[in-house]
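Given next are the chains, with one letter for each unit.
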Amino acid sequence: MKMLATVVAGLVAATALTAPAAAATTKVVTGTAKTGGTPLNMRRTPSPTAERVGSVASGKTVWILCQVTAQQVTGTVRTTNLWDHLANGSYVSDAYVERPATGIPSCPTASAPPVQPVEQAPAIPAPAKGESWQLPVSAGLVSGFRTIARPSHDGVDLAATRETPILAAAAGTVIRVVCNVSAGSCDVDGNRNLGGCGWYAEVQHAGGIVTRYCHMVRRPVVTVGQAVRKGQLLGNVGTSGSSSGPHLHFEVHVNAPAARANAVDPIAFLRSRGVTLR
Ligand SMILES: [Zn+2]
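Residues numbered from 1 in each chain as written. Predicted model: local features only at pLDDT ≥ 70, side-chain atom pairs only at ≥ 80, totals over all residues. Heavy atoms only, no water.

### As for the coordination of the zinc ion
So the rule is basically this: Coordination partners: N, O, S within 2.8 Å of the metal, 3.2 Å for Na, K and Ca; water not considered, so apparent gaps in a site are possible. Strands are runs of DSSP state E lasting at least 2 residues, helices are runs of H or I lasting at least 4, and numbering of each runs from the N terminus.
Within the protein, the atoms that donate to the zinc ion are His153 (NE2), Asp157 (OD) and His249 (ND1), at distances of 1.9 to 2.1 Å. Taken in chain order, the donor set of the zinc ion reads H-x3-D-x91-H. Of this pair, Asp157 sits in strand E9 (residues 156-158) while His249 sits in strand E16 (residues 248-253), and the two are 92 residues apart along the sequence.

Okay, structure coming up:
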């Protein structure tokens, strides 16, 4: 949900990572990068000299699938030969990660099944007859879907200015109008220290597709149960909730209700509907 222009480069790296094959669902442990300043490098393999595939800022969350034993590193948190295998497929030295003392499994050996990333998106269904889609705003992409730097970013950020009209990406029915913020109000500008999508609306479309439109400047102009046309005004761009500046955070989910498990890449989804987002 947070807007962060610096991750566009990370998007390229993310697509280059090999996705592990399917395996059993994996419990993930959250940790916090602690470097004392510079970002923590994410590596393709567990080595300080391996290809750098991204980074995470000090103080930010990392999602740890399992640990492997490799080269010893002396860091700001500990001296260790453990490396954390993250949910985005990369590795970071555990020497720079604050995390629970127990509960992180060892990564399977080469002969065992690979670890399943928790953020695996479901397949995008083929369009139904008569579906018609458009962009919710015409504005540049500033942050992609589940990039290396932001593996839990379940949508895209579009750099629309404050008060830009947000339009329904397709015809449907409004199923949710919510203020979602961890503290305070959605009627004021949010910030990165808050959690939540701010003022947002969800529209359900044909075939169980749900679109979500976040960080609106004020309560959406539509109400739950209302039918909307493609291109109909839903609300206006703002920066409510967990947001560092005005933008539209846009999500697409397959099979209502919308949840993390059924989020898909809005760029790929819209492309499948003949709409280009870049
Ligand atoms: Zn976002």
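### Some remarks on the environment of Asp154
Rules: Any pair of nitrogen or oxygen atoms within 3.5 Å is treated as a polar contact; in protein, a donor-acceptor pairing is required on top of that, and neighbouring residues in sequence qualify only through side-chain atoms on both sides.
Within the secondary structure, Asp154 is located in the loop between strand E8 (141-143) and E9. Sequence separation between Asp154 and Val264 is 110 residues, and the spatial gap between their C-alpha atoms is 7.5 Å. Within the local environment of Asp154, its side chain forms a polar contact with the side chain of Arg146, the two groups lying 2.8 Å apart. A distance of 2.7 Å separates the side chain of Asp154 from the side chain of Arg260, its partner in a polar contact.

### Some remarks on the state of the cysteines
In plain terms, the rule: Sulfur atoms of two cysteines make up a disulfide when they are within 2.5 Å. The buried label applies to any residue whose accessible area, calculated with a 1.4 Å probe on protein chains only, is under 20% of its type's maximum; exposed applies above 50%, and partly exposed to all values in between.
All told, the structure shown has three disulfides when counted by the stated rule. A disulfide bridge connects Cys179 with Cys186, and the sulfur atoms are separated by 2.2 Å. Between Cys179 and Cys186 the disulfide shows an S-S torsion of about 85°. By sign, it is right-handed. Note on Cys179: relative accessible area 33%, which makes it partly exposed. Relative accessible area serves as the criterion here: at 1%, Cys186 is assigned to the buried category. Should the bonded cysteines of the chain be numbered as they appear in the sequence, the pairing reads 1-2, 3-4, 5-6.

### Focus on the side chain of Thr211
Operational definition: Whether two residues touch is decided by their heavy atoms; if any such pair falls within 4.5 Å, the residues are in contact.
Relative to the assigned elements, Thr211 resides in strand E13 (residues 210-216). On the basis of relative accessible area, Thr211 is assigned to the buried category, the value being 0%. Only 2.7 Å separates the side chain of Thr211 from the side chain of His205, close enough to count as a polar contact. Leaving out residues up to four positions away in the same chain, Thr211 has contacts with Trp133, Ala201, Glu202, Val203, His205, Phe250, Glu251 and Val252.

### Thoughts on the side chain of Asp94
Relative to the assigned elements, Asp94 resides in the loop between strand E6 (91-93) and strand E7 (97-98). Among the polar contacts listed, one links the side chain of Asp94 to the side chain of Gln67, at a separation of 3.5 Å.

### Comments concerning the pairing of E16
Inclusion rule: Pairing between strands is defined by DSSP: at least two bridges between the two strands are required.
Most of E16 is tucked away: six of the six residues are buried. Burial of the side chains of E16 extends over both faces: Leu248, Phe250 and Val252 are buried on one face and His249, Glu251 and His253 on the other. Inspection of the sheet shows E9 paired to E16 by three bridges, in the antiparallel sense. Opposite Val156, over in E16, you have Phe250 as the bridge partner. As defined by bridge partners, E13 adjoins E16 across five bridges and the pair is classed as antiparallel. Bridge pairing in E16 links Thr211 to Val252. As paired elements, E16 and strand E17 (residues 263-264) share two bridges and run antiparallel to each other. Bridge pairing in E17 links Val252 to Val264.

### Structural notes on the pattern of salt bridges
Where we set the bar: In the sections that follow, a salt bridge refers to a side-chain nitrogen of Lys or Arg positioned within 4 Å of a carboxyl oxygen of Asp or Glu.
Per the stated rule, a full pass over the model turns up twelve salt bridges. Notably, a salt bridge pairs Asp189 with Arg162, separated by 2.9 Å at the nearest N-O pair. Here the residue Asp189 occupies a position in the loop between strand E11 (172-180) and strand E12 (198-204), and Arg162 occupies one in the loop between E9 and strand E10 (165-167), the gap between them amounting to 27 residues. Close ionic contact of Arg212 with Glu251 constitutes a salt bridge, the shortest N to O distance being 3.2 Å. In this pair, Arg212 is assigned in strand E13 and Glu251 in strand E16, connecting sequence segments 39 residues apart. The pair Arg212 / Glu251 is uniform in exposure class, with both members buried. One network of salt bridges, with partners in common, ties together Arg176, Glu202, Arg212 and Glu251.

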